[in-house]
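Chain and residue survey
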Amino acid sequence: MSRYAHDQNYYNDRSRRSGQQRVHVRRDGYNTQHGQDEHVAVVQQSAPAQLHHRMHLNNFLQHRFRSTQDLRIVSSSTGPGHALRWTVIAYFRDCEYGRGEGVTKASATESACQKALQALMQPGIGH
């Protein structure tokens with residue numbers, strides 16, 4: 001609940017950005033704008049599944065080799081400033097295990113870490 005009356009009126013009427021009517025739904029599924037009798041289905045919006053391959057790679061190395069000190073992630077970019085293309089290479093014990101490319105540094109890092117994790121999980125790899 002808002003502390004100021006004008007804030008509550010703002011949220012009850014329209015959103016300034018989109019111009020759309022806001023629907024107030026409590027966690028129990030009742031629409032508070034139209035009274036307690038009208039039940040509205042609550043739709044759970046889940047965030048898109050973000051893959052955390054870098055975290056999984058670190059956890060795998062910590063579990064298997066008891067250290068992540070030998071992991072080195074090197075990044076470089078090419079292209080003009082408005083359209084950079086990132087290349088990230090994941091090294092473990094000075095051997096390249098994964099290379100990723102992308103429009104963002106984060107996507108290239110995730111791709112490189114995913115490939116490195118897949119390579120290191122192979123039996124007999126990683127010393």
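Right, let's get into the sheet that holds strand E1 (residues 71–78). Strand order across the open sheet formed by three strands is E1-E2-E3, with antiparallel pairing between neighbours. Looking at the sheet topology across the chains shown, the edges are occupied by E1 and strand E3 (95–102). Taking the axes of each pair of neighbouring strands and ignoring which way they run, one obtains an average angle of 20° across the sheet. As paired strands, strand E2 (residues 85–92) and E3 are joined by seven bridges and run antiparallel to one another. Its bridge partner lying in E3, tyrosine 91 is registered against glutamate 96. This element, helix H2 (residues 53–65), spans E1 and E2 of the sheet and lies at about 155° to E1. Here helix H3 (residues 105–120) sits on the sheet and contacts E1, E2 and E3; the angle it forms with E3, its principal contact strand, is near 145°.

Right, let's get into the pattern of salt bridges. Side chains that differ in sign of charge can pair as their charged atoms come close. Tallying each qualifying case throughout the model produces three salt bridges. Of the charged contacts, one joins arginine 93 and aspartate 70 as a salt bridge, the two residues approaching to 3.1 Å between their closest N and O atoms. Taken together, the positions of arginine 93 in the loop between E2 and E3 and aspartate 70 in the loop between H2 and E1 put the pair 23 residues apart, joining distant regions of the chain. According to the relative accessible area criterion, aspartate 70 is partly exposed, its value standing at 35%. Linking arginine 99 and glutamate 96 is a salt bridge whose minimum nitrogen-to-oxygen distance equals 3.2 Å. For glutamate 96, a relative accessible area of 40% puts it in the partly exposed group.

Let us look at unusual backbone geometry. Positive phi outside glycine occurs at arginine 93, with the angle close to 50°. Notably, aspartate 94 is not glycine yet its phi reads approximately 60°, a positive angle. Relative to the helices and strands, aspartate 94 is located in the loop between E2 and E3.

Attention now moves to the pairing of E1. In terms of strand pairing, E1 meets E2 through eight bridges, oriented antiparallel. The partner of leucine 71 across the bridge, within E2, is phenylalanine 92.

Leu57, Phe60, Leu61, Phe65, Leu71, Ala90, Phe92, Tyr97, Cys113, Ala116, Leu117 and Leu120 together form the largest nonpolar core, which totals 12 residues. Breaking this core down by element, the ones donating at least two residues are H2, E2 and H3.

Another aspect to go through is the packing of H2 against H3. Contact geometry of H2 with H3 gives a least axis separation of 8 Å together with a crossing angle of 30°. Crossing of H2 over H3 shows left-handed handedness. Where H2 approaches H3, its residues His53, Arg54, His56, Leu57, Phe60, Leu61 and Arg64 are matched on the opposing element by Thr109, Glu110, Cys113, Gln114, Ala116, Leu117 and Leu120. A per-class count over the contact of H2 with H3 returns seven nonpolar, four polar and three charged.

The rules behind these values
Residues numbered from 1 in each chain as written. Predicted model: local features only at pLDDT ≥ 70, side-chain atom pairs only at ≥ 80, totals over all residues. Heavy atoms only, no water. Pairing = 2+ DSSP bridges. Helix = DSSP H or I, 4+ residues; strand = E, 2+ residues; numbered from the N terminus. Axes fitted to C-alpha atoms, helices over the stretch in contact; angles between N-to-C directions. Contact = heavy atoms within 4.5 Å. Salt bridge = Lys/Arg side-chain N within 4 Å of Asp/Glu carboxyl O. Buried < 20%, exposed > 50% of the residue type's maximum accessible area, 1.4 Å probe, protein only. Core = buried A, V, L, I, M, F, W, Y, C linked by side-chain atoms within 4.5 Å. Left-handed = near helix turned anticlockwise from the far one by under 90°. Nonpolar A, V, L, I, M, F, W, Y, C, P; charged D, E, K, R; others polar.

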